[in-house]
Amino acid sequence: MSNNNRERDLVLAPNEFAFISDQTKGNVITYVGPYKTSMANTDQPVFFNKHSKTFDVCPLEDSIRTFATAPEGWYIVLKNPAENEEQPQVGTSNTLAKLNIGRKINLPGPRFFALWPGQMAQIIAGHHLRSNEYLVVRVYEEELARKNWDNAVLRPQNTTPENLEENVKSGEGEVDPSGLTMGRLLIIEGINASFYIPPTGLEVVKDYDGSYVRKAVTLERLEYCILLDEDGNKRYITGPAVVFPRPTERFVEKNGSRKFKAIELDENTGIYVKVIAPYEENGTVYKVGDELFITGKEQMIYFPRPEHALVKYGEQETYHAVAIPHGEGRYSLNRNTGKITLAKGPSMFLPDPREAVIIRRILSPKQVRLWFPGNEEAVQYNLKLQEISARQQKKKASPGAKKKKRPPMQQQAVTDWELQEEESAVKGVFGNSFSREENLTQSRSVVLDNKYEGAVTIDLWTGYAVLVTSKTGKRKVLAGPLTYLLEYDEVLQGIELSTGTPKTDDKLLRTVYLRALNNKVSDLVTAETKDFCDVDIKLSYRVNFTSDPENWFNVENYVKFLTDHLRSVIRNALRQYSVHEFYANGISTIRDIVLGKRNEEEGSRSGWLFEENGMHIYEVEVLDIQIKDKDIEKLLFQDKHNQIRQTLKLANKKQELDFVREAENISREIAETESETRRQKLALEKTETETELELNLAKAEAEFRLQQEELMAMLKEQEQQLEINRQKLAKDRETQDLQVEMSQKLMDQRLQQMKAEVKAVVDKASAVSPDLIAALQAYGDKALAEKMAETMAPLSIIGGKSVVEVFANLVKGTRLEKVIKIASEQIENDASSDE
């Protein structure tokens, strides 16, 4: 029983509330924590079902709900608000308040509260915007929107006070609040607002992916985007820019991208444009329906515009020039006049699609085999072109297939063309364009392999010529080497040539090429001599076509024309010769008949000229001459053999005579040569002897001269040595004299000094006692003697005398003479005693 009571107790913590239904009265009471109460048996926990909009019974624990809480920067969208704008009180039970059913209000945070029964709250984070993001806001209640317009929470990107009001105004799209109506859409651009919470009456619309914040398109240079309005108009914006759509506009997408590259053009590319709306540019007025072909010469970078629609053949948007190498060409059809012209290379051919289209010429198998002998690939290619052309003609003539009926709209999925309110882009719409059948032109890309794409090209080799005729009656002869491009109505005229040997008409060779130089025509001529002998002559004519080339094709079968005429001429000429005469000189005779007699001055023949077509035979080769009658031929052979035999004998004799004459001449020359050899040998020996004698004399003379030069050299060397010795002695003498002179000068100088000293001492001692004077004099004499002895030592060495003798001679006649004498005697005595 106690457990059941506890289960009936409703305990609510702070920030919690619960709905309890009184089953007897039908009231729903809101209990808001913190709160505790015991429930009666008639009380039933319930919760408000948002989907069914009913109060459903639930266990007590499931009936407890938390407050609707919006922190700073968030807001609460509250549906069915109370008329008194108050929410249930905290910590008590609250009876049902009167609600504004069907209304909703926006309450920015921070705030939290419990809900009244029947209220619904959605907590949404405030919308933070970057400079390339935006919001789509919709008016859901115009009166509340006008009333609360200034209550929006908006933080501008630029927070300076002076332009705060301007940013708020531009963030709201410069909207007059009095003009707000139900369902109107507004754009909040991120370049003006960094944060936004809508006021009551406005709501932020989610995009197709369920996000509130949408991405704007950031365009770089050479980029553009397209905005499609609900009224069908398009707006083209080029970069650099950050593009925000208007409320009724959607971005156009292609392959998942909202921005597109500008069309780059050059002199060899262009675009085909049709004007779909009138406009004026640079003083030129363009009307609806005008067609333009814009190339890089007029505009290097093209940005689409609303007045233009691209004309495309298949998926082709840009038209490229066709490379036409040198010697090739392309046929171009004028769509207005039907005239076909030929564009020749080298060039980059860019036809104007408004007037011209490139076409290909289809040749019949007969023409291909005649113009291009042996080229089976060209035959098969032209047959394939004929099949394709036949299928296209058949397709145009047959009625079109019935279009499938489109299923009802309800059964279709959302296509790229259908707009939804939440979509921010339209997929698959890429500007204005026209699609046309692609049947005539293939100039979407530059192709250098123009083997079968271009005009019919005739390559003429050296020595060949062709005749070209047109449907207008014009004709011209072309001679190689040459490459010629046929106009669309021009064909090559064929000729027929006889074949076989002899030439007959049984099998004709049909061709368009005439060998105009160094042509060879062979034939077999059967003629009869004047003695009724048949002769077969096998000939080969060398032919050139000269004079006016317009006459070269005047004869359809020039081979038959040549051979028939010359057969008649040769047969008539041979009737003037016997078989013996002709057999002996047949080749010369034939050459004279066909080429004429040789001009003695020039040494050449005139040849045979056909004035009808300018054919000139300038040489003829006689390949073989046969006599049909074998007996006559045998007799002629025997006669010829006899002549040859006699001729050979005579030639042998002449050879023998020439041999003997030559042998004797050789013997004489041998003897003369041997005698001359001996004479020259003796002369050579004499010359060698004389040369040897002259050589010996020259050697002896050279040896004598060598000896004489050696003696002279030795004499000069001795004289030089003597001169060196004399100079050395003189130098030594001068050195000794200089030393003596220097010693003498030193001695005189010292003597004068001593005299001065003695005189000074004497002068000082004049006042001294006689004894002291005598002692000092003796001492001075002794010192002078010592000094003189030291000074005289070099002189004694040079003179070879003792120092005493040199000094005695020097002081002789002075007072020192006595002192020296006494000292000498004393020295001698000392020496004697020592002995």
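Starting afresh in each chain, residues are numbered from 1 along the sequence in its written order. Given that this is a predicted model, residues contribute local features only at a pLDDT of at least 70 and side-chain atom pairs are listed and counted only at 80 or more, while totals for whole chains, interfaces and linings are drawn from all residues. Water and hydrogen atoms were dropped before computing side-chain values, which therefore reflect all heavy atoms in the structure.

Novice: Any chance you could explain the overall build of the protein chain here in plain terms?
Specialist: Each helix corresponds to a stretch of at least 4 residues labelled H or I by DSSP, and each strand to a stretch of at least 2 residues labelled E; elements are numbered beginning at the N terminus. The helix and strand inventory of the protein chain stands at 13 helices and 53 strands. The proportion of buried residues among the 835 residues of the protein chain is 35%. Whether two residues are in contact is decided by their heavy atoms: any pair within 4.5 Å suffices. Taking as baseline every contact in the protein chain between residues at least 6 positions apart, the subset at least 24 positions apart corresponds to 65%. The method behind every accessible area is Shrake-Rupley, applied with a 1.4 Å probe, and residues are considered shielded solely by the protein chains displayed. With an accessible surface of roughly 52,900 Å², the protein chain has 51% of that area assigned to carbon and sulfur atoms. When a residue's accessible area, from a 1.4 Å probe over protein chains only, is under 20% of the maximum for its type it is buried; when over 50% it is exposed; and in between it is partly exposed.

Novice: Got a minute to help me understand unusual backbone geometry in this structure?
Specialist: Glycine aside, residues mostly have negative phi angles, and peptide bonds mostly take the trans form. For the bond running from Gly345 to Pro346, omega is 5°, close enough to zero to count as cis. On the secondary structure map, Pro346 appears in the loop between strand E37 (340-344) and strand E38 (347-349). That bond from Gly480 to Pro481 is cis: its omega, 5°, falls within 30 degrees of zero. Looking at the secondary structure, you find Pro481 in the loop between strand E44 (475-479) and strand E45 (482-485). A positive phi angle, near 55°, is found at Asn255, a position not held by glycine. Here Asn255 shows up in the loop between strand E25 (249-253) and strand E26 (259-261). A residue is classified by how much of its surface remains accessible, and Asn255, at 78% relative accessible area, is exposed. Of note in the backbone geometry, Phe532 takes a positive phi value of approximately 60° without being a glycine. Of note, Phe532 is situated in the loop between strand E50 (519-528) and strand E51 (534-545).

Novice: Got a minute to help me understand the packing of aromatic side chains in this structure?
Specialist: The geometry of an aromatic ring pair is captured by the separation of the ring centres together with the interplanar angle, meaning the angle of the planes. A pair of aromatic rings is counted whenever rings of Phe, Tyr or Trp (Trp by its six-membered ring) have centres within 6.5 Å, and the orientation is called stacked for planes under 30 degrees apart, edge-to-face for over 60 and tilted otherwise. Evaluation of the coordinates by the stated rule reveals 17 aromatic pairs. Here Trp461 and Tyr464 contribute two aromatic rings whose centre-to-centre distance is 6.5 Å and whose plane-to-plane angle is 85°, an arrangement assigned as edge-to-face. Here the aromatic rings of Phe545 and Trp552 are separated by 6.2 Å at their centres, their planes lie at 55°, and the arrangement is tilted. By relative accessible area, which is 4% here, Phe545 ends up buried. By relative accessible area, which is 8% here, Trp552 ends up buried. Among the aromatic residues, ring-to-ring pairing joins Phe17, Phe19, Phe48, Phe55, Phe67 and Phe112 into one connected group. Only lysine NZ and arginine CZ atoms are considered, and such an atom sits over a ring when it is within 6 Å of the ring centre and within 35 degrees of the ring normal. The aromatic ring of Tyr279 is capped on one face by Arg305, whose charged end is 4.2 Å from the ring centroid.

Novice: Is there a simple way to think about the nonpolar core in this case?
Specialist: Most often, soluble globular proteins have nonpolar side chains that are buried together. Core analysis: the biggest nonpolar cluster contains 36 residues, and Ile537, Leu539, Tyr541, Leu562, Ile570, Val594 and Ile617 have the highest contact counts within it. Broken down by secondary-structure element, the contributors of at least two residues to this core are strand E43 (464-470), strand E47 (495-499), E50, E51, helix H7 (558-574), helix H9 (586-595) and strand E53 (615-627). The element that contributes the greatest number of residues to this core is H7, accounting for seven residues. In this structure, Leu562 is in contact with Val521, Tyr541, Val543, Phe610, Met615 and Ile617, ignoring residues within four places of it in sequence. Ranked by size, the runner-up nonpolar core spans 23 residues in total, among them Val357, Ala455, Leu460 and Leu486. Definition used in this section: a nonpolar core is a set of buried Ala, Val, Leu, Ile, Met, Phe, Trp, Tyr and Cys residues joined via side-chain atoms within 4.5 Å.

Novice: I'm lost on the environment of Ala378 in this one. Help?
Specialist: Here Ala378 shows up in helix H6 (residues 376-397). Measuring from C-alpha to C-alpha, the distance between Ala378 and Leu363 comes to 9.2 Å, with 15 residues separating the pair along the chain.

Novice: It is not clear to me how the environment of Cys533 should be interpreted in this structure. Could you clarify?
Specialist: Within the element layout of this structure, Cys533 appears in the loop between E50 and E51. What makes Cys533 buried here is its relative accessible area of 1%. For Cys533 and Arg575, which are 42 residues apart along the polypeptide, the C-alpha to C-alpha distance reads 9.6 Å. Excluding its chain neighbours within four sequence positions, the residues that come into contact with Cys533 are Ala527, Glu528, Val579, Ile627 and Ile632.

Novice: Quick question: what am I supposed to make of the pattern of salt bridges here?
Specialist: When charged atoms on two side chains of opposite charge get close, those side chains can pair. The rule for a salt bridge is simple: a side-chain nitrogen of Lys or Arg has to be within 4 Å of a carboxyl oxygen of Asp or Glu. Here the structure, examined in full by the defined rule, presents 34 salt bridges. A salt bridge links Lys104 to Glu203; the shortest N-O distance between them is 2.9 Å. Residue Lys104 is found in strand E11 (residues 104-108), and its partner Glu203 is found in strand E19 (residues 202-204); the two are separated by 99 residues along the sequence. Classification of Lys104 by relative accessible area gives buried; the value is 17%. Owing to a relative accessible area of 21%, Glu203 belongs among the partly exposed residues under this scheme. With a shortest N-O distance of 2.5 Å, Glu723 and Arg726 are connected by a salt bridge. With Glu723 and Arg726 both in helix H10 (residues 630-765) and three residues apart, this pair spans about one turn of that helix. Taking relative accessible area as the criterion, Glu723 reaches 33% and is therefore assigned partly exposed. You can call Arg726 partly exposed: its relative accessible area is 48%.

Novice: Would you take a moment to explain a nonpolar patch on the surface for this structure?
Specialist: Distance thresholds for patches are 9 Å for like charges and 5 Å for nonpolar side chains (Val, Leu, Ile, Met, Phe, Trp, Tyr), applied to residues having over 30% relative accessible area and no salt bridge. Nonpolar side chains collect at one region of the surface, where Leu222, Met300 and Ile301 lie side by side and expose about 250 Å² of accessible area between them. Take Met300: its relative accessible area is 44%, and that puts it in the partly exposed class.

Novice: Mind showing me how you'd approach the pairing of strand E23 (residues 234-238) here?
Specialist: Across a regular strand the side chains alternate sides, sitting on one face of the sheet and then on the other. Sheet analysis places strand E22 (residues 223-229) next to E23, joined by five bridges and oriented antiparallel. If you follow Cys225 over to E23, its bridge partner there is Ile237. A pair of strands is labelled paired if DSSP reports no fewer than 2 bridges between them.

Novice: Which parts of the structure should I look at to understand the packing of H7 against H9?
Specialist: For any two helices packed against each other, the geometry comes down to the angle between their axes and how far apart the axes lie. Lines fitted to C-alpha atoms define the axes here, with helix axes fitted over just the stretch in contact, and angles between the N-to-C directions of these axes take values from 0 to 180 degrees. The contact between H7 and H9 brings their axes to 10 Å, and the two run at 130°. Put simply, H7 runs oblique to H9. The element H7 and its partner H9 pack so that their crossing is right-handed. Here H7 contributes Leu566, Val569, Ile570 and Ala573 to the contact with H9, which in turn contributes Ile590, Ile593 and Val594. Amino acid classes used here: Ala, Val, Leu, Ile, Met, Phe, Trp, Tyr, Cys and Pro are nonpolar; Asp, Glu, Lys and Arg are charged; the rest, including Gly, are polar. Residues belonging to the contact of H7 with H9 are distributed by class as follows: seven nonpolar, no polar and no charged. Working rule for angles: under 35 degrees goes down as roughly parallel, over 145 as roughly antiparallel, 65 to 115 as roughly perpendicular, anything else as oblique. Crossing handedness: left-handed means the near helix sits turned counterclockwise from the far one by under a right angle, and right-handed means the same turn made clockwise.

Novice: Would you explain the sheet that holds strand E13 (residues 120-125) in this entry?
Specialist: Note on sheets: strands pair through backbone hydrogen bonds, and any given pair is parallel or antiparallel. The three strands lie next to each other as E11-E9-E13, forming an open sheet whose pairing is antiparallel. Edge positions in the sheet fall to E11 and E13, since each of these pairs with one other strand and no more. Going from strand to strand, the sheet's axes swing by 20° on average, the running direction of each strand aside. Summarising the sheet, strand E9 (residues 74-79) and E13 pair through six bridges and their orientation is antiparallel. If you follow Tyr75 over to E13, its bridge partner there is Ile124.

Novice: Whenever I open this one, H9 confuses me. Can you help?
Specialist: Residues lying three or four places apart along an α-helix face the same way, a consequence of the helix completing one turn every 3.6 residues. Taken across its 10 residues, H9 has seven buried, putting it largely inside the fold. Within the sequence span of H9, burial applies to Gly586, Thr589, Ile590, Arg591, Ile593, Val594 and Leu595. Buried residues belonging to H9 abut E51, H7, helix H8 (579-584), strand E52 (608-610) and E53. Looking one or two residues past H9, Gly596 carries a phi angle of roughly 90°, positive in sign.

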